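Below, each chain spelled out in residue letters.
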Amino acid sequence: QVQLVESGGDLVQPGGSLRLSCAASGTIFSINVMGWYRQAPGKQRELVAAITSDGSTSYGDSVRGRFTISRDNAKNMVYLQVSSLKPADTAVYYCFAAVATCRSCYAKNYWGQGTQVAVSS
């Protein structure tokens, strides 16, 4: 019913920047929260950033001040500008969205397949 597709992951040097994008498509009535999690090898998935439909944002402690989340409600897209990258930021970054597929439907979380970000010199 709902698909999320991420793009923008790459191999970058420490201190570099990237812009991750995520597009939601399918049967969408409304999207409340959109955001990003990440998972590094051998570690639990952690929240990177989230943004509500009215633009309120929240960030994980390890990325606050370096990453910026934004969204385009008209296009059902969410973006993550990642800057001052560190090797510790190496992970698969997953997009998520809380989507209601009809006016009276509860929102359900959907996930993308992930995009790899690797930070190495």
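Our subject is the structure listed above.
The structure displayed is predicted, hence computed values, not measured ones.

**Comments concerning the nonpolar core**
Trp 36, Val 48, Phe 67, Ile 69, Val 78, Leu 80 and Tyr 93 are the most contacted members of the largest nonpolar core, which totals 30 residues. Those elements that place two or more of their residues in this core are strand E1 (2–7), strand E3 (18–26), strand E4 (30–39), strand E5 (46–51), strand E7 (67–72), strand E8 (77–82), strand E9 (91–100) and strand E11 (115–119). In terms of residue count, E9 provides more of this core than any other element does, five residues in total. With residues near it in sequence (within four places) discarded, Phe 67 still touches Arg 38, Val 48, Tyr 59, Leu 80, Gln 81, Val 82, Ser 83, Leu 85, Asp 89 and Tyr 93.

**Let's talk about the pairing of E9**
Residues in a regular strand point their side chains to alternate faces of the sheet. Judged by how many residues are buried, E9 sits mostly within the fold: 10 of 10 residues are covered. Where E4 meets E9, eight bridges bridge the pair, whose relative direction is antiparallel. Paired with Gly 35 across the bridge in E9 is Phe 96. Of the strand pairs in this sheet, E9 and E11 are connected by three bridges, and their pairing is antiparallel. Across the sheet, Ala 91 pairs through a bridge with Val 117, a residue of E11.

**Considering the pattern of salt bridges**
Inspection of every chain in the model, using the stated rule, returns four salt bridges. Arg 38 serves as the salt-bridge partner of Glu 46, at 2.6 Å between the closest nitrogen and oxygen. Residues Asp 89 and Arg 66 are paired through a salt bridge, measuring 2.8 Å at the closest nitrogen-oxygen approach. Within this pair, whereas Asp 89 is found in the loop between E8 and E9, its partner Arg 66 is found in the loop between strand E6 (57–59) and E7, the two being separated by 23 residues in sequence. A relative accessible area of 2% places Asp 89 in the buried class. On the basis of relative accessible area, Arg 66 is assigned to the buried category, the value being 13%.

**A closer look at the sheet that holds E8**
Ordered in space as E1-E3-E8-E7, the four strands form an open sheet in which the pairing is antiparallel. Looking at the sheet topology across the chains shown, the edges are occupied by E1 and E7. Across the sheet, the mean angle from the axis of one strand to that of its neighbour is 15°, orientation sign disregarded. Bridging between E1 and E3 involves six bridges; their strand directions are antiparallel. By the bridge assignment for E3, Gln 3 is matched with Ser 25.

**Remarks on the pairing of E4**
The pairing of E4 with E5 spans five bridges and is classified as antiparallel. Across the sheet, the residue bridging to Trp 36 is Ala 49, located in E5.

How each quantity is defined
- Residues numbered from 1 in each chain as written.
- Predicted model: local features only at pLDDT ≥ 70, side-chain atom pairs only at ≥ 80, totals over all residues.
- Heavy atoms only, no water.
- Core = buried A, V, L, I, M, F, W, Y, C linked by side-chain atoms within 4.5 Å.
- Buried < 20%, exposed > 50% of the residue type's maximum accessible area, 1.4 Å probe, protein only.
- Helix = DSSP H or I, 4+ residues; strand = E, 2+ residues; numbered from the N terminus.
- Contact = heavy atoms within 4.5 Å.
- Pairing = 2+ DSSP bridges.
- Salt bridge = Lys/Arg side-chain N within 4 Å of Asp/Glu carboxyl O.
- Axes fitted to C-alpha atoms, helices over the stretch in contact; angles between N-to-C directions.

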